Amino acid sequence: MSKLLEIALGIITSIGGFLDVGAIATAAEAGSSFKFQLIWAILLGTVCVIFLVEMSGRLAAVSKHSLASAMRERFGFNFYILPLVAEIIVDFLILGAEIGGVCIALQLVTGISFQWWALPVAFTVWLLLWKGNFSIIENGVSFLGLVTLGFVVATFKLRPDLPSLGSGAIPTLPQQDITHYLFIAVSILGALISPYLFYFYSSGAIEDKWDESHLNINRAVAGLGMGFGSVVSLGVLIVAALVLNPRGIQVDSYEQAALILTQTFGYWGFILFAASLGIVCFGAALEVNLDTAYIVAQAFGWNWGENLHPQEAARFSSVYTIFVFLAALLMVFGIDPLQLTLFSMALTAVILPVVITPFLVLMNDQEYVGNYRNGWISNSVIIFTIALAFVLAIVAIPLEILGG
Amino acid sequence: MKSWLFTSSLLLLVLTACRQASPHDQQIKTLKTIHSWAATAEMVGEAWTNGQIPNQYAQQTLAKSQAEIAQARNEITDTAISVQIQQLDKVLAQINSDIQQQHQSAIAEPLHQLTQINQQLDALIKQ
Amino acid sequence: MDLIRDVLDNQLVDRHHRKMGKVDGIIIELRDGQPPRLTDLETGATTLARRLHPRLERWIAALEQRWGAKRSEPLRIPWAKVRQVGIDVEVDLEAEQTTALAYEQWLRNHVIRHIPGGR
């Protein structure tokens, strides 16, 4: 029974982990601009992310080492510095965007401009990390993430046409705006296959003291949790396609996305959107900030852990303290949150190869995963994902310039 | 596999890069942006009438629509369309001031005009 | 045992499994007519920086001499103190007593403790 409970809890938390500002923004933009035509990108990204998350968890449960530590130890610091620096830069921008998401949610409800909210939000994120422990971060906040199921309910209420939904599952090119279409496809994949998720998840498995007996939980959480998260993303896309697209509204700004639930739920739909955006981004901001502290501390072998008192891991807690306030400055200066989100998603795509390629080696190294090495299915998926990552990395920036 | 994907995506890039440059496409793109924001304003107006959104949000979003449309208007060279967009701007300003003064009944008229302008814009884009 | 793969860059822990940095360098003594001998492990930011670029090492050293704990000397751990080499390298030391944690201690005493809730 307690195993079942743990699985249920894990699934709920990973819905929150899967969704972030990028997933919501890219899905809303995709649906409003191209109707159901980009459903395939969410499905493809979900499959990749399920496998990679499962591997991150398995690596940590069996080797007792997080993904970042394992990468540094196996490939040496001179290699690890590459993904480390890349990830810190991307985390910085994404954290700014997540804080921006929370600020926009507050602006929608209060009318007070998002810039004013940046520092209070950053302070709240910091306070929770400073005072809280891992299970508060993991369970408390992500439980609230269940409000996002509102998008799924709205999908059913709007009764989408099933055959046209199905046709979106197969990649096709649109008649016009091809560069914009490809740019959003890359952004969706960048938003879903986000490296911070893997680093965070594997560090979390260590915080929760996972061992081999948790491998089944790991599999269920990765598969079902990420699967549910993806259903919510699809919900956002479908609702945007049914509500905004027929009117010719293309989401260029969060104010436009805020209207997608009012048609179905009236005033509460507006509040529900703001709550979903705010909670999801707040949860993700906690994760991204913590993730940065994890990878830096693990890079240098410092003591780390959200369950430790700040003074037991002084350098670790200093990193998340400084980082969150620096990232909040991006919002204080008034950078457009949606543009920042899309840019960080494209940049994520650029750094994917250096993050994902080491999985292939680590997950087949007996020293780390013993008898739990990858089977041929996992290896095929990872090889495919690496190939995909290289393609995304090459096309992301040209597409950003041409179609973003 | 990898090289195949690479060449095809590169080819696609080159092809689309050439296509984007035409002035007609550029005009359509600008019109789409204007239409998108005008439609946003229409939806805000409707939602406000039905009491589905807060006042502050409605005003802010209308102001944003006006600003975005004003910016896009500079790229329009066709005078006939330019005049139409001036008209659009007036209507939006009217709606915004009605919301500010909480004129629930007065808003119906400019909202109706906005709907018509949006239909015209839509027709222009689909031409 | 493969020194580069199993020792270099691996997690360094003390006798209570307290994390105390990572193995940033390996010191090998070359002797005439005899095989080279592994003498020490080194841990410290300057050692690590040197492996990336000599200039980076000078910058880090200059920074560390001026700021914080004012220590730029890496800690040398005699190979004889190494208890076990797995994925972690365990040494027979008390981490808090060594200079490996100089910056950790400095931050703890000068910054973290002064923030409410940090104690």
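Residues numbered from 1 in each chain as written. Chains lettered and ligands numbered in written order. Predicted model: local features only at pLDDT ≥ 70, side-chain atom pairs only at ≥ 80, totals over all residues. Heavy atoms only, no water.

(A) The environment of B:I125, seen in detail. Residue and element names in this part refer to chain B. Note that I125 resides in helix α5 (residues 108-126). In this structure, the C-alpha to C-alpha distance between I125 and L31, residues 94 residues apart in sequence, is 6.8 Å. Apart from the residues within four sequence positions on either side, I125 is in contact with I28, L31, K32 and H35. (Helix = DSSP H or I, 4+ residues; strand = E, 2+ residues; numbered from the N terminus. Contact = heavy atoms within 4.5 Å.)

(B) Looking closely at empty space enclosed by the protein. All chains considered together, the criterion is met by two cavities of 30 Å³ or more. For the second largest cavity, the calculated volume is near 70 Å³. Taken together, A:R74, A:D365, A:E367, A:Y368, C:R5, C:D6, C:N10, C:G86 and C:I87 make up the full set of residues lining the second largest cavity. Broken down by secondary-structure element, the contributors of at least two residues to the lining of the second largest cavity are α18 (366-369) of chain A together with α1 (3-7) of chain C. Grouping the amino acids of the lining of the second largest cavity by side-chain chemistry returns two nonpolar, two polar and five charged. (1 Å grid on protein atoms, 1.4 Å probe; cavity = no way out; pocket = protein on both sides within 12 Å on 5 of 7 lines; lining within 4 Å. Points joined across faces, edges and corners; volume = space filled by probe spheres on them. Nonpolar A, V, L, I, M, F, W, Y, C, P; charged D, E, K, R; others polar.)

(C) Molecular detail of the nonpolar core. All names here are of chain A. L38 and I99 are the most contacted members of the largest nonpolar core, which totals 192 residues. With 18 residues, the single largest contributor to this core is helix α15 (residues 267-300). What I99 contacts, discounting residues up to four positions off in sequence, is A118, V121, A122, A285, V324, A327, A328 and M331. (Core = buried A, V, L, I, M, F, W, Y, C linked by side-chain atoms within 4.5 Å. Buried < 20%, exposed > 50% of the residue type's maximum accessible area, 1.4 Å probe, protein only.)

(D) Inspection of the sheet that holds strand β6 (residues 82-85) of chain C at higher detail. Residues and elements named next belong to chain C. Pairing is mixed in the open sheet, where four strands are placed in the order β2-β1-β7-β6. The open sheet has two free edges, formed respectively by β2 (19-22) and β6, since each of these has just one partner strand. On average, each strand axis in the sheet is tilted by 25° relative to the strand beside it, whichever way the strands run. For strand β1 (residues 11-13) and β2, the ladder comprises two bridges, and the chain directions are antiparallel. (Pairing = 2+ DSSP bridges. Axes fitted to C-alpha atoms, helices over the stretch in contact; angles between N-to-C directions.)

(E) Layout of the layout of surface pockets. There is about 1,200 Å³ of room inside the largest pocket. If you go around the largest pocket, you meet 42 residues; those closest to its centre are A:F300, A:W302, A:R315, C:A45 and C:E64. Breaking the lining of the largest pocket down by element, the ones donating at least two residues are α5 (77-110), α15 and α16 (314-332) of chain A together with β2, α2 (45-52), α3 (54-66) and α4 (102-110) of chain C. Here the residues of the lining of the largest pocket sort into 28 nonpolar, eight polar and six charged.

(F) Representation of helix α3 (residues 55-73) of chain B. Spanning 19 residues, α3(B) covers 27 Å between terminal C-alpha atoms, matching the ideal 27 Å at 1.5 Å per step. Turning to α3(B), its buried residues are B:Y57, B:A58, B:T61, B:L62, B:S65, B:Q66, B:I69 and B:A72. For α3(B), the secondary structure elements touched by its buried residues are α5, α13 (254-257) and α15 of chain A together with α2 (23-49) and α4 (79-100) of chain B. (Expected span 1.5 Å × (residues − 1).)

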